[in-house]
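Commentary on secondary and tertiary structure
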Amino acid sequence: MGSEVIGAIGLGLLLVLMILRVPVALTMLIVGVVGFAQIISWDAAIAQLKTVPVEVLSNYSFSAVPMFILMGVLAAHSGMAGKLFDSTRVICGGWKGGLAIAAVGSCGIFSAISGSSLATASTMTRVALPEMERYGYNRGLATGALAAGGTLGIMIPPSIALLIYAILTEQSVGDMFMAGLIPGLLGLVMYSLTVTVVMHLRPTLAIAGEPTSWKEKLASISGLVPFLGVFLIMILGIYFGVFTPTEGASVGAFATLLYAVVKGMRFSGLWRSVQETLALSAVVFFMLVGAETLGYFISVSRISFSISDFLYGLDVAPIVVVLCILLLYFVLGMFMDSIAMLVITVPVVFPIIQALGIDPVWFGIITVLTVELGLITPPVGMNVFVIKAMAPHVGLGEIFKGVAPFIVSDFLRLALLIMFPVLSTYFLL
């Protein structure tokens, strides 16, 4: 049996195990070890099983992951998120649909130091949903805005998804972060415009909030300062080479910790934050170990090269191949977690992208955006289920209906990024 056939069988087995609800990390580990043993030898596979976890856990670049997670957890537990929403609510005071726009804006700003879509969605739902319900907002619109706003956490730097893509493909983490800045801010603007359009078409879904004066709006900016301060320290420090992205993550986590302590966070709150960070980091690192093992199997099977040769034989334009890969990501995103999807598929598709001469940074941005779409599309939109868990009184159908206009907005954004790659590469020119 040829190595390519073994590779194809392995990928098929991977899908079967995931359908059977075997944990994704364990699935990748099993397929990677068994497949490698079938092609090389069991001795080599066991030796790999001993060395890969050490390689991943001792990789300096990966140390940024728990730091970014810690930033988001500290921001959630220190009250920063609540002050953030209060500020954006005052700024949008008096606007029709202003609370929904404030929720989207809060998600975008919170994600700038969280790096996680699920953390952003759960935190801001806890803070913003009760306020929108108090003002009589349609529950579908309210939860849809929060589910969509939560996805901004996967694009606006620092992003754990962009970090993992950069490490898996050996791209510059700083370049990936800078490339995600305009697409992330574009998403924030387009989501706000989506709320405005929805309110124009169906004005009964919400009422205008309490009007606020310009003096109150200016005073409320103080609630944005901690987030903008941490964000600017990290991004400018990375952009101007003051520190590496990994060091920037540590600086950001330390700055967030200082704010939390100044605002009165006790040791018990800090301990809960550390425990939550450790739990989330363990999940991510287990998936990275599985992905690395699977990557070795895919490499020795040469299946990605066979796929590349097949695509070359079709004699189609590279953009057609890219669109086919994005379609695959969109379908997988309906059933899988975003990080799991990246670590499984990137080792397979990236050699194809390299062979076609496609800009890896631009491809990473549109890939992450497509993965982002999967967080809010049925049947398994992870952000939707997070919000359902936070608001059990709202039906899944209501949330998916409310998030539909934002899915349309994301498709438009994806089309813009495909047609105008400079939106992703502007800061890298």
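Everything below is about the structure shown above.
The text that follows walks through the structure, step by step, so that each part is easy to find. Model, not experiment: these values are computed from the prediction. (Residues numbered from 1 in each chain as written. Predicted model: local features only at pLDDT ≥ 70, side-chain atom pairs only at ≥ 80, totals over all residues. Heavy atoms only, no water.)

With that out of the way, let us pick up the environment of Leu356. With respect to the helices, strands and loops of the structure, Leu356 is situated in the loop between helix H17 (338–355) and helix H18 (360–374). It is 9.5 Å that separates the C-alpha atoms of Leu356 and Ile319, two residues lying 37 residues apart in sequence. (Helix = DSSP H or I, 4+ residues; strand = E, 2+ residues; numbered from the N terminus.)

Here we come to the nonpolar core. Generally speaking, soluble globular proteins have nonpolar side chains that are buried together. Counting residues in hydrophobic clusters, the biggest one holds 140 residues, and the most contacted among them are Phe68, Met132, Tyr137, Leu146, Phe363 and Ile366. Ranked by the residues each element gives to this core, the list is headed by H17, at 12 residues. Among all residues touching Phe363, those that are not within four sequence positions of it are Tyr165, Val322, Ile325, Tyr329, Val349, Ile353 and Ile358. (Core = buried A, V, L, I, M, F, W, Y, C linked by side-chain atoms within 4.5 Å. Buried < 20%, exposed > 50% of the residue type's maximum accessible area, 1.4 Å probe, protein only. Contact = heavy atoms within 4.5 Å.)

Attention now moves to the packing of aromatic side chains. Here a ring pair, both rings aromatic, is described through the centre-centre distance and the interplanar angle of the planes. Taken as a whole and judged by the stated rule, the model has five aromatic pairs. Seen in terms of ring centroids, Phe68 and Phe177 are 5.9 Å apart; in terms of plane orientation they differ by 65°. Their pairing is edge-to-face. A residue pair is termed long-range when its members are at least 10 positions apart, and Phe68 in helix H4 (residues 64–77) and Phe177 in helix H10 (residues 173–201) qualify at 109 residues. Like Phe68, the residue Phe177 is buried in the burial classification. (Phe/Tyr/Trp six-rings, centres within 6.5 Å; stacked < 30°, edge-to-face > 60°.)

It is worth spelling out the side chain of Ser106 at this point. Structurally, Ser106 can be placed in helix H6 (residues 98–114). The contact partners of Ser106, leaving out residues within four places of it in the chain, are Leu84, Phe85, Thr88 and Met124.

This part takes up the packing of H10 against helix H12 (residues 225–239). Put simply, H10 and H12 touch, their axes get as near as 10 Å, and they point 125° apart. Considering their axes alone, H10 and H12 lie oblique with respect to each other. The two elements H10 and H12 meet at a crossing, and its hand is left-handed. For the pair H10 and H12, the contacting residues are Gly174, Phe177, Met178 and Leu181 in the first and Phe231, Ile235, Ile238 and Tyr239 in the second. Looking at side-chain class alone, the contact of H10 with H12 contains seven nonpolar, one polar and no charged residues. (Axes fitted to C-alpha atoms, helices over the stretch in contact; angles between N-to-C directions. Parallel < 35°, antiparallel > 145°, perpendicular 65-115°, else oblique. Left-handed = near helix turned anticlockwise from the far one by under 90°. Nonpolar A, V, L, I, M, F, W, Y, C, P; charged D, E, K, R; others polar.)

The subject of this paragraph is a nonpolar patch on the surface. Taken together, the side chains of Leu26, Ile30, Val34, Trp42, Ile46, Leu49 and Phe286 make up a nonpolar region of the molecular surface, amounting to roughly 570 Å² of accessible area. Among the structural elements, Leu49 can be located in helix H3 (residues 42–57). Classification of Leu49 by relative accessible area gives partly exposed; the value is 35%. (Patch = residues over 30% accessible without salt bridge, like charges linked within 9 Å, V, L, I, M, F, W, Y side chains within 5 Å. Areas by Shrake-Rupley, 256 points an atom, 1.4 Å probe, with all protein chains shown as cover. Salt bridge = Lys/Arg side-chain N within 4 Å of Asp/Glu carboxyl O.)

Attention now goes to the layout of surface pockets. Roughly 580 Å³ of internal volume is contained in the second largest pocket. Lining the second largest pocket are 22 residues, with Leu168, Glu170, Glu292, Gly295 and Pro347 positioned closest to its centre. Those elements that provide at least two residues to the lining of the second largest pocket are H3, helix H9 (160–169), helix H14 (267–301), helix H15 (303–314) and H17. Its residues assigned to classes, the lining of the second largest pocket comprises 12 nonpolar, seven polar and three charged. (1 Å grid on protein atoms, 1.4 Å probe; cavity = no way out; pocket = protein on both sides within 12 Å on 5 of 7 lines; lining within 4 Å. Points joined across faces, edges and corners; volume = space filled by probe spheres on them.)

Right, let's get into unusual backbone geometry. Phi is positive for Glu170, close to 60°, though the residue is something other than glycine. Topologically, Glu170 is positioned in the loop between H9 and H10. For Glu170, a relative accessible area of 72% puts it in the exposed group.

Attention now moves to H4. Counted at 1.5 Å a residue, the expected span for H4 with its 14 residues is 20 Å, and the 20 Å between its end C-alpha atoms agrees. Of all 14 residues making up H4, 11 are buried, and the element is well covered by its neighbours. Residues of H4 that are buried: Ala64, Val65, Pro66, Phe68, Ile69, Leu70, Met71, Gly72, Val73, Leu74 and Ala75. A positive phi of about 90° marks Gly79, the residue just after H4. (Expected span 1.5 Å × (residues − 1).)

On to the pattern of salt bridges. In a structure, side chains of opposite charge can pair up when their charged atoms sit close to one another. By the definition in use, this model includes six salt bridges. Between Glu131 and Arg134 there is a salt bridge, and its shortest N-O distance comes to 2.7 Å. Here Arg134 and Glu131 lie together in helix H7 (residues 117–134), a separation of three residues that amounts to about one turn. Measuring nitrogen to oxygen at the nearest pair gives 2.6 Å for the salt bridge that ties Arg413 to Glu372. A residue pair is termed long-range when its members are at least 10 positions apart, and Arg413 in helix H20 (residues 396–419) and Glu372 in helix H18 qualify at 41 residues. The class for Arg413 is buried, based on a relative accessible area of 0%. Under the relative-accessibility criterion, Glu372 is labelled buried at 0%. Connected through shared salt-bridge partners, Asp86, Arg89, Glu131 and Arg134 make up one network.

With respect to the helices, strands and loops of the structure, Ala81 is situated in helix H5 (residues 80–91). According to the relative accessible area criterion, Ala81 is buried, its value standing at 2%. Considered as a pair, Ala81 and Thr120 are 39 residues apart in the sequence and their alpha carbons are 9.4 Å apart. If sequence neighbours within four positions are ignored, Ala81 has contacts with Ala75, Phe110, Thr123, Met124, Val127 and Phe227.

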